[in-house]
Amino acid sequence: MESLNVYASRLVTKREHFAPGHRACQGCAEALAVRLVAKALGQNVVVASATGCMEIISTPFPFTNWRVPWIHVAFENAAAVATGAEGAYRALVRKGALPEKGTVFLGMGGDGGTSDIGLQALSGAFERGHRFIYVCYDNEAYMNTGVQRSSGTPFGASTTTSPAGKLKAGQVTWKKNMPEIAAAHGIPYVATACSSYPFDLMKKVEKAAKAGGPAYIHILSVCPTGWGLPSEKAIWIGRLAVETGVFPLYEVEQGRYRITVDVPAQRPVGDYLKPQGRFRHLTPEIVEQIQTRVTAEWEKLRAKTAL
Amino acid sequence: MHSTNILIGGEAGQGLATVGELLSRALVRGGYFVVVTQSYESRIRGGHNTFAVRVGAEAIDAPAEEIDVVVALNDETVLLHLPELSSSGLVIADASFCDADERCVRVPFKDLAPKQYVNTAALGVVCAVLGVDRGIVSGVLEEAFGRKHPETMEENRRALESAFAWCAGRPESSRPLPPAASPSGTSRLMMNGNEAIALGAVSAGLRFAAFYPMTPSTTIPLALVGMAGRMGLVVEQAEDEIAAINMAIGASYAGAPSLVATSGGGFALMVEGVSLAAMTETPLVIVVAQRPAPATGLPTRTEQADLEFVLHAGHGEFPRAVFAPGGVEECFHIARKAFFLAERHQSPVFILTDQFLADSYRAVAPFDVASLEWVRPGADPAAVSAPYLRHALTESGVSPRLLPGASDHLVVTDSDEHTEDGHLTEDLGVRKVMVEKRLRKLAGIRAETIPPEYEGSDRPELLLVTWGSTRGAAREAAAALRGKGLDTASLHFSQIWPLAPEQFLGRLKNAGLVAAVEGNATGQLARLIRRETGFEISERVARYDGLPITPQYILRELSVEGA
């Protein structure tokens, strides 16, 4: 695998469509994910971005990063605006007012903008069958406004609105399973990814662009600031999320499940939880509870790949 | 009015708000009055942020522009704020930031404290320069970190000590505050507008709050979360503002005095819920913390541009009340009043605040909470005869509100037009009387309208009209003009709707010249007053650059010589 990765990096273009010089925190793996997605999609793309970290860090002049057409929308409607643009484009092509250039339409948002406030607009866009990609950059809380919990916050994580204390050990509900919700729409392509696995991520984005209908990619985006991690540990912790089975990397192509980064011998979840400040308060019992859940979810996913 | 204005500047993530809060707390504890203005950029890190503390020995309630002491946590702060420095002003900065300017107190921070305790040393230096008692600062520091991070206390104490010791040998860079008018030991609370709203709501009997995070409103639910365990509240973070307001309507229908807090963009999503609360006659308190718009606008700045939006939000015609507290103490009292009003008139009640007031810490006298009443939701079922009519026609328009499940009576209400018993109807005659019944409630709300606050002579040459957070700036500007021989008065509206013209029209007519001072571009209150009274306010002082209105801004815009 290692030698193959060395070769893979040579195949990747050096051109950046999400330019360097943004204002994210040091070690932000979410900004890296945006860069990889932009790289994989190339120049011929139109982006609609919800409010959130990625909007704030990439657009204040003169620290702007976007080299492709880009619109910042309200919080709940990135999928609606992206598919509106897509619909208009197809109509104009049909009428001969625009040439068919195979333009890709990308909607993007964070976990809050996707699985909380933006879910209705996203579900509608999937159901209408637009040819577009939606990417959720999931850093597992509202980091932009000061680390409030979202429905993407994992069980046990401490945030300002799910603080760990004497009575409660942080977030009390399990993380909403957005990739499964997307897959339940029966759309042509759904995948999970993580910027710690750049080639896997970019390959999935390329597939999504060719899906011929709605495509959804859910990217675990490590946030050193919100997760309580040294900034140089972002890539490492992303790998641990995958190696412990907390965040499996898989894709659902026309309903067929496939694990893209297999982890034959999973590490215990404690390896992933312990280094993070947001999980510092967890007792061995709660870690065990999380382990049981992760194992069960992994088994369920495995069973689906066997179908 | 003598005051000292201290500005702490630096990048986001440098901890300047912590230094600012500790400094403010020490000053309040020393018996001083403060007005805090927080100005920050919508950035995760970097950018230029400031925390300004205006401190006075006597009561003050407006921000000031001229700076007496700059505390620069980075070199950019020195460059940006030197021009705003008063003639006897000082800049406290690391020796490496400013070398040429003689107004700089060049502090060798790296000799005073290890890197992670430099902020504590900076706090020590500014307190020593102002002559704040070291024991007070040390106590404030202990409270902030002693319990949570006991291991850091020793280093913090040492940093503070070396800062005071370093300053002791420099009388030329000392700017002692005048002695506080109130004896030390007078207990005052340090509180910002949002904390006061939260506290007022809880004191009035709040039981349920739902929200979706949105600057600058989020500190209200956060303050409520902090009290939730002790006070028996439920605070729910919903998936969006639509869910938040509808959860609150559900909770209020079931009998829990309820609140939602948001800002303009979030309130836009709530608007259908406002009209549902009105139709189902469900009490609801809605706090809108304004920030510059349209759309995302300037998310961390201040403005007063949602008056017309809130006044007209919701489709159809129904009564409502809109409040705009002028200061932190008023935030508390108005939040209380809002709950009583919502319950008594079974209508949506709004509190309009803004980023400036939301984040502005002040010294407030403790509230005598023991003597305060709280809302008792719903009517007494024993006094209601069967069949129960949730929307019974009454003279006042208010029908006895029973809580579902709390008695044998069936409680039915409907978003469609409904009959007295709450069932959907297409009877157009019923429609007409129901519209009239709901609108009759406005007379009851109007009877409780808070009269605008007037200060000045009976026939002033100039009258400044304000609402909401601009109250303090206008009063101070008026006093300054009076000091220059121009007979100036101020008229402050802390309730915007319903207006009762008999309370203020005479004041407008008796003034030589009337100027509306508002944090918006179009003069929204002035337009409302014209609509309701026909009185045309000819002069405008408008601010819509994202910053709060100051007394100096008013004087400049009026083109009168500065104070």
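If you're wondering where the values come from, they're calculated on a predicted model, not measured in any experiment.

(A) Focus on the pattern of salt bridges. Using the criterion set out here, one finds 40 salt bridges over all chains in the structure. The partner of E297 of chain A in a salt bridge is R293 of chain A, and the shortest N-O contact between them spans 4.0 Å. Within this pair, E297 of chain A and its partner R293 of chain A are both found in helix α12 (residues 284–305), separated by 4 residues, close to a single helical turn. Looking at E297 of chain A, the relative accessible area reads 28%, which means it is partly exposed. For R293 of chain A, a relative accessible area of 32% puts it in the partly exposed group. Salt-bridge contacts for R401 of chain B lead to E343 of chain B; the nearest nitrogen and oxygen are separated by 3.0 Å. Residue R401 of chain B is found in the loop between β14 (362–364) and α14 (428–447), and its partner E343 of chain B is found in helix α12 (residues 328–345); the two are separated by 58 residues along the sequence. For the pair R401 of chain B and E343 of chain B, a shared accessibility class is recorded, and that class is buried.

(B) Main features of the sheet that holds strand β2 (residues 70–72) of chain A. Residues and elements named next belong to chain A. Across the sheet, which stays open at both edges, the 8 strands sit in the order β2-β1-β3-β4-β6-β5-β7-β8 with mixed pairing between neighbours. Whereas interior strands pair on both sides, the edge strands pair on one side only; in this sheet they are β2 and β8 (256–259). Strand-to-strand twist across the sheet, computed as the mean angle between neighbouring axes with direction ignored, equals 15°. In this sheet, strand β6 (residues 215–220) lies alongside strand β5 (residues 189–194) in parallel orientation, the contact comprising 6 bridges.

(C) Focus on the nonpolar core. V37, I219, W227 and Y272 of chain A are the most contacted members of the largest nonpolar core, which has 64 residues in total. Examining the composition of this core, we find that 9 residues originate from one element, helix α2 (residues 29–41) of chain A, more than from any other. Setting aside chain neighbours within four positions, we find W227 of chain A in contact with N139, E140, M143, L220, S221, V222, I237, Y272, Q276, G277 and R278 of chain A. Among the nonpolar cores identified, the runner-up in size contains 54 residues, and L16, L23, L90 and A128 of chain B belong to it.

Quick notes on the rules
Residues numbered from 1 in each chain as written. Chains lettered and ligands numbered in written order. Predicted model: local features only at pLDDT ≥ 70, side-chain atom pairs only at ≥ 80, totals over all residues. Heavy atoms only, no water. Salt bridge = Lys/Arg side-chain N within 4 Å of Asp/Glu carboxyl O. Helix = DSSP H or I, 4+ residues; strand = E, 2+ residues; numbered from the N terminus. Buried < 20%, exposed > 50% of the residue type's maximum accessible area, 1.4 Å probe, protein only. Pairing = 2+ DSSP bridges. Axes fitted to C-alpha atoms, helices over the stretch in contact; angles between N-to-C directions. Core = buried A, V, L, I, M, F, W, Y, C linked by side-chain atoms within 4.5 Å. Contact = heavy atoms within 4.5 Å.

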